[in-house]
Amino acid sequence: MMKTSMVCIACPLGCKMEVETITNGNTRYIVTGNKCPRGEKYGVKEMTNPTRMVTSTVKIKNAHLSRLPVRTSDAIPKDKIFECMKELEAVQLDGPIKVGDVIIKNLLGLEIDVIATRSM
Amino acid sequence: MYDVTIIGGGIIGTAIARELSRYKLNTILVDKENDVANGTTKANSAIVHAGYDAKVGTLKAKTNVAGNAMFDTLCKELGVPFKRIGSLVVAFSEEEMVTLKELYEQGKINGVPNLEIIQQEDVRKIEPNLSKEIIGALYAPSAGIVGPWELAIALAENAVENGVEIRLNTEVTAIEKNQEGFLVTTDEGHFQTKYIINCGGLFADRINNMVNTPSFKILPNRGEYNLFDKSVGNYVNSVVFQTPTKHGKGVLVLPTVHGNLLIGPTAEAVDEPRAVETTIGGLKYLKEKAQKVVPNFPFSTVITSFAGLRAKVATNDFIIEESKESKGFINVAAIDSPGLSAAPAIGKMVVEMLKEIAGNFQGKEDFNPNRRPVINFMELSNEEKAAMIEKDPRYGRIICRCEEITEGEIVDIINRKAGATNLDAVKRRARAGAGRCQGGFCGPRVMEILARELNVDITEVVKDSKSSYLLTGPTKSSKHQEDSDQLVAVSQDK
Amino acid sequence: MEKYDIVVIGGGPAGLAAAIEAKENGASNILIIERDRELGGILQQCIHNGFGLHVFKEELTGPEYAERFICELKKQGIRYKLDTMVLDITEDKKVMAINTVDGLIEIEAKAIVLAMGCRERTRGAINIPGTRAAGIFTAGTAQRFINMEGYMVGKNVLILGSGDIGLIMARRMTLEGARVHGVVEIMPYSGGLTRNIVQCLEDYQIPLYLSHTIIDIKGRDRIEEVIIAQVDENRRPIDGTEESFKCDTLLLSVGLIPENELSKSAGIKIDPITGGPIVNESMETSVEGIFACGNVVHVHDLVDWVTEESRKAGKNASAYVQDRLIREKKPISTSAGKGVRYIVPQKIRLENVEKNLDLMLRVDNVYHRAKLVVKDNDKIIKVIKKNHLAPGEMESITLNLEDLERVVGKEITVALQQEEV
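Just so it is clear, the model here is predicted, and its values are computed rather than measured.

Caption draft 1: Molecular detail of the interface of chain C and chain A. On the side of chain A, 21 residues touch chain C, which itself brings 21 residues to the contact. Of all the secondary structure elements, the ones that give two or more residues to the side of chain C that touches chain A are strand S3 (49-51), helix H2 (62-75), helix H4 (139-149) and helix H6 (194-201) of chain C. No other element matches the 4 residues that H6 of chain C contributes to the side of chain C that touches chain A.

So, in structure tokens, the structure goes:
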């Protein structure tokens, strides 16, 4: 039995949680201190496959700014963040773009897209 | 071949340059910095002293009182903010009152007009926010406040308008005497000149020593200041000094011409002629000393702090003389306080000296003493404002919110003679970024305007010196781009 | 002279929400005046996620959050002027503004909503010693350069202040290839949200130096070195604890100040603690018919609360121009007791409270297992237990109308009580 303390980042409340790892037979996790189901999900995920949303920008032409803000459509594995940034660096768009437009489909084969977060 | 080379573009160099521009002379001013007015001129108390402080018979006494009297006309011609608000030297004890009496007598001999010793109740009438412990003061109505860098910039601009050449980012590295005068070597090449006027400020001894035996040593002395928000700008109405003691002059409290409040300076000998950093100790000292005079002042309204260096010498008087070894080489050195007040008089004096050396110069018929009028958009009437925007819509766009400076004004000061080429230069000329947010909001916009007007990339826009870069390059263009050819094209759903 | 029912000053999250809500509550002739070139305010540079969980029940980035309001505003046909700066407002609700197209604009408004937001505290305001080298940016200025203009401001970075913008920028600069050497915080606790410490610092192994401050900045042209030192309980540097960082950039995230120069010009009373106008239950300032909302009133931790507060301001501005706001003679005051820094609103007129009223407040220190106690003189009205309280996080207490109607004194106090351990 092992206990890991963590702060939930699922929302800005920042619940202080403990995740208990139970390893008799199948590994199970018991999350305590969370105030909502998202906390439980986060706690288990942090122990198995920690993921993060990536928000950044890409180059854009024919727009009133030279960078368009983007995000991943879902959280991606933590260890893929810098690879994702590398992908974003290669993007060069032409305006106009609408919020929600897919900028990179199936990012790094993760079945997650990169989408525009504003119209420009 | 130049007739006259002025080394140093501070208040003294520019005052001399403008004075020389009245004559048919081929004059050049060189400065190692990226702007004029970039040394002591940009960090001092901004006071036009009355002239009671200098010892009788000194050059300081002579040029201070004479210089002071020239300010009204000069600042009017050049469109520089100047206010004759008077000064008070306040005394807390009978002993200090004795000192005031001495200053009063000294001032009278120096020729300071309308000096007066006033009592407690009159001090309070002039300055209701000062300490209740003050028992009297020396009142000098002729003292004033001025924008020191604005004055130097305006002098430089007017000098250029009248034919003087200015070369910035040009550091004099060697001077050689020859038949025709001097060969001046800079990091940007050589040139020949008949006469040299050394206004090198903190580096004046080094310039002198390039061609002469060392005859003086500049002793840099640092003064730190705090500048406060305009909301407390009228906390005092005049320049308030403490009575000088053997421990020094004490710190002063004064309004600035733009309506802020200034407290300073400290006085500290330093080794380095560039040591203009502020220190924890210095800033603490200012607060402690100022509290004696303004005990209830809200120090939390500080918007910035800065430090300047005074170019002192052991003899404690200005050095304004032709070198004994090099004919045609004039040192104008050791110009510490009251250098700003004395500058207009020093300009005249040096030209007279040069006339003695070179014979009389021919005046220019077309010399124009008036600088092209400066636009202070917010000071215009509503009708004038509307007309201005009609003519040039850029006057309708406020770039600096705190000081309410328009794009039109910023473009104007960039495109003037001796115009602004960097962020601090814009701040000094148009006050954009000089307010309470200190350029947080307008910095990026001003950089954009500078890049556009100077036709350079925004990453080339600097804060102050050539190497004071602000941006390191565009995002999304780092090293991994070279090895990113394996990346596939982007799919884009519209 | 142009005439509007409601003029909203500022087109950021506060102004947008106020204008839309005013329209939805029956006001028709509304104008937003925005000084930037587009609507959305600071949200447009806050490209990170974490916005909207309360208002939209989903997590959005700043630009997405802004765009929802901008679309709604346009759908409602609310008018706005961009690139337009308000120079002055008067007590009788005349607005003087300027832009490149209309020139000088004089507007007469029946009601004004102040939504100018806040500005960042600068190096000068906290008197950091050292040289004046280039490379010192407020975190927000750096954020604008990087996220909107597309330029990096440095390669080796130290950040002073652990407020949320500082933490967000630590991650952002790391992702863009800079090395962030650390975040320095003078207090013994962070000023930002805990989740930002986790996902912005811990994820990238960026150290957080609590109880530390900067004692010197070196470098003549561009910053070359920053020296930090630990501080004692009086926030004074301790000799011998100095640590040096070779860096070219210093970001400052040392606090936000409500921008109230215009409010002052209209003679509006300012709360010395919040730095914003004193407001009542309707978000009306001390000048009748001038309302205020968002960071111009007090600095919020989450934009969602800005939206809620601004909707209230918009709704009441609308009620005011339709003569539906009740002006009662003697409002109840709210008063910050022990452990509480401030409360917004500062005044309550019961007649205008519908079902309940939220008191927004901040505490003055980090507390564990504490209670927020609302009292009418000695009588306890409400008690809220809190496991964790921090100055970086806003707290709210909802009082219902029945509780408020039972108040007999002239003021209610909110104070913090530590629970017995």
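Caption draft 2: Here's a closer look at the nonpolar core. Ranked by size, the top nonpolar core spans 160 residues in total, and within it Ile-410 of chain B together with Ile-6, Val-7, Ala-18, Val-113 and Ala-317 of chain C carry the most contacts. Setting aside chain neighbours within four positions, we find Ala-18 of chain C in contact with Val-8, Val-113, Ala-115, Cys-293, Ser-310, Ala-313, Gly-314 and Ala-317 of chain C. One finds Ile-7, Ala-15, Leu-227 and Leu-261 of chain B within the second-largest nonpolar core, a separate group that totals 122 residues.

Caption draft 3: Looking closely at the pairing of strand S13 (residues 219-228) of chain B. Residues and elements named next belong to chain B. By the criterion of burial, S13 is predominantly enclosed, with 8 of the 10 residues buried. Direction of pairing for S13 relative to strand S18 (residues 302-312): antiparallel, over a ladder of 10 bridges. In the strand pairing of S18, Pro-220 is matched with Ala-311. When S13 meets strand S17 (residues 268-269), the two strands line up antiparallel, connected through 2 bridges. Paired with Arg-222 across the bridge in S17 is Glu-268.

Caption draft 4: Representation of the packing of helix H1 (residues 11-20) of chain B against helix H5 (residues 148-161) of chain B. All names here are of chain B. Interhelical geometry of H1 versus H5 gives an angle of 30° and a closest axis separation of 8 Å. Here H1 is positioned roughly parallel relative to H5, judged by the angle of their axes. Where H1 crosses over H5, the two elements pack in a sense that is left-handed. Residues Ile-11, Thr-14, Ala-15, Ala-17 and Arg-18 of H1 lie in contact with H5, whose contacting residues are Pro-148, Leu-151, Ala-152, Leu-155, Ala-156, Asn-158 and Ala-159. Here the residues of the contact of H1 with H5 sort into 9 nonpolar, 2 polar and 1 charged.

Caption draft 5: Inspection of the domain arrangement of chain C at higher detail. All names here are of chain C. Taken as a whole, chain C is organised into domain 1 (1-119 + 256-325), domain 2 (122-254) and domain 3 (328-421). Relative to domain 3, the C-alpha centre of domain 2 lies at a distance of 35 Å. Facing 5 residues of domain 2, the contacting portion of domain 3 comprises 5 residues. Partitioned by chemical class, the residues of the side of domain 2 that touches domain 3 number 2 nonpolar, 3 polar and no charged.

Conventions and cut-offs
Residues numbered from 1 in each chain as written. Chains lettered and ligands numbered in written order. Predicted model: local features only at pLDDT ≥ 70, side-chain atom pairs only at ≥ 80, totals over all residues. Contact = placed C-beta atoms within 7 Å. Helix = DSSP H or I, 4+ residues; strand = E, 2+ residues; numbered from the N terminus. Core = buried A, V, L, I, M, F, W, Y, C linked by C-beta atoms within 7 Å. Buried ≥ 20, exposed ≤ 12 C-beta atoms within 10 Å, placed from the backbone. Pairing = 2+ DSSP bridges. Axes fitted to C-alpha atoms, helices over the stretch in contact; angles between N-to-C directions. Parallel < 35°, antiparallel > 145°, perpendicular 65-115°, else oblique. Left-handed = near helix turned anticlockwise from the far one by under 90°. Nonpolar A, V, L, I, M, F, W, Y, C, P; charged D, E, K, R; others polar. Domains from an automatic or database assignment.

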